[in-house]
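# Structure at a glance
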Amino acid sequence: MTMPLTVPRRSLSGLATALAQVTRRMDHRADLIAELVTAQLVTACFVPGIEHQAAAAIVRTGMPTVEHQRRTLQWRIDEHLFLDTPARTGVRVLACWDDRAHRVRMHVAEVGEPGLWDRIVAHFTRWEMTGRPVPATSRTNGSGS
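Residues numbered from 1 in each chain as written. Predicted model: local features only at pLDDT ≥ 70, side-chain atom pairs only at ≥ 80, totals over all residues. Heavy atoms only, no water.

## Some words on the nonpolar core
Applicable threshold: Residues belong to one nonpolar core when they are buried, are Ala, Val, Leu, Ile, Met, Phe, Trp, Tyr or Cys, and are joined through side-chain atoms within 4.5 Å. Throughout this description, buried means an accessible area under 20% of the type-specific maximum (1.4 Å probe, protein chains only), exposed means over 50%, and partly exposed covers the range between. What counts as a helix is a DSSP run of H or I of at least four residues, what counts as a strand is a run of E of at least two, and both are numbered from the N terminus. The contact criterion used throughout is that any non-hydrogen atoms of two residues lie within 4.5 Å.
Formed by 21 residues in total, the largest nonpolar core has its most connected members in I50, F82, V91, W117, I120 and F124. Elements with a contribution of two residues or more to this core: α2 (55-62), β4 (89-98), β5 (103-111) and α3 (116-129). Take this core: its biggest share by element is five residues, from α3. Among all residues touching W117, those that are not within four sequence positions of it are A44, C45, V47, I50, V91, V93, V108 and E110. Grouped together as the second largest cluster of nonpolar side chains are seven residues, L36, L83, A109 and V111 included.

Structure (structure tokens):
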């Protein structure tokens, strides 16, 4: 059985355009992640706050176009991805616990226009200096990344 479509052709065109934009954005995001995974990591300064449970919400407060993802690669190694998909830039941070030094060491890779890592460091430094405020949205729902 077939049903006639009662939606104006313009609406369908708009829907198709929006779907194409979302698909392209997801392709750009996947390309960005693939490029970050293969980029060379370099030793970086330790940035307090990146390991915070509410890091994604903290990032959103000062850099709304940047998405934060965290995953544990091994027991003492976390990977953090900071993706600015519209700008096609990204940063990958490996945070590794060093048993000998008794502290976290960070290694970073950046792709796209340089400067996102510097913005992340500055943002978390400001966050630290203002008393480490946790955004209300992360306090109520418990989401961090």
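## Structural notes on the pairing of strand β2 (residues 67-74)
Along any regular strand the residues' side chains alternate between the sheet's two faces. To keep things clear, this is the line we draw: Between any two strands, pairing holds if DSSP finds at least two bridges.
In this structure, β2 lies alongside strand β3 (residues 77-84), joined through seven bridges in antiparallel fashion. If you follow R71 over to β3, its bridge partner there is E79. Hairpin geometry of β2 and β3 is characterised by an intervening segment of two residues between the two adjacent antiparallel strands.

## Some points on the side chain of R92
Our working definition: For the purposes of these results, a polar contact is taken to be a pair of N or O atoms within 3.5 Å, where, inside protein, one atom must be able to donate a hydrogen and its partner to accept one; residues adjacent in sequence count only when each atom of the pair is a side-chain atom.
Residue placement: R92 occurs in strand β4. A polar contact of 3.4 Å, which involves the side chain of R92, links it to the backbone oxygen of V37. With near-sequence residues (within four places) excluded, R92 lies in contact with L36, V37, L41, E79, H80, L81, H107, V108 and A109.

## Focus: the confidence of the model for the protein
To keep things clear, this is the line we draw: One confidence number per residue, pLDDT, is output by the predictor and ranges from 0 to 100.
With 77% of its residues at a pLDDT of 70 or more, the protein has an overall mean of 86. Element-level pLDDT for the protein is lowest in helix α4 (residues 136-141), with a mean of 61, against a maximum mean of 98 in β3. Confidence over residues 140-145 falls short of pLDDT 50; this stretch has 13 contacts with residues more than four positions distant or in other chains.

## Concerning the packing of aromatic side chains
Where we set the bar: Between 30 and 60 degrees the pair is tilted, below 30 it is stacked and above 60 it is edge-to-face, where a pair is any two Phe, Tyr or Trp rings, Trp via its six-membered ring, whose centres lie within 6.5 Å.
Throughout the structure, instances matching the rule amount to one aromatic pair. Between F124 and W127 the ring centres are 6.0 Å apart and the planes differ by 80 degrees, which places this aromatic pair in the edge-to-face class. You can see F124 and its partner W127 sitting in helix α3, three residues apart, about one turn around the helix. Judged by relative accessible area, W127 falls into the buried class, the value being 5%.

## Overview of the pairing of β4
Of all ten residues making up β4, nine are buried, and the element is well covered by its neighbours. As paired strands, β3 and β4 are joined by eight bridges and run antiparallel to one another. Bridging from a neighbouring strand, F82 pairs with V91 of β4. A loop of four residues connects β4 with β5, the two strands running antiparallel in sequence, and H102 in this loop sits at a positive phi of about 55 degrees.

## Brief notes about the pattern of salt bridges
Using the following cut-off: One side-chain nitrogen of Lys or Arg within 4 Å of one carboxyl oxygen of Asp or Glu is enough to make a salt bridge.
One pass over the full model with this rule turns up six salt bridges. R71 is paired through a salt bridge with E79; the nearest N and O atoms lie 2.6 Å apart. Take R71: its relative accessible area is 48%, and that puts it in the partly exposed class. For D99, the salt bridge identified is with R76, shortest N-O distance 2.0 Å. Note that D99 is positioned in the loop between β4 and β5 and R76 in the loop between β2 and β3, a separation of 23 residues in sequence. A residue is classified by how much of its surface remains accessible, and D99, at 44% relative accessible area, is partly exposed.

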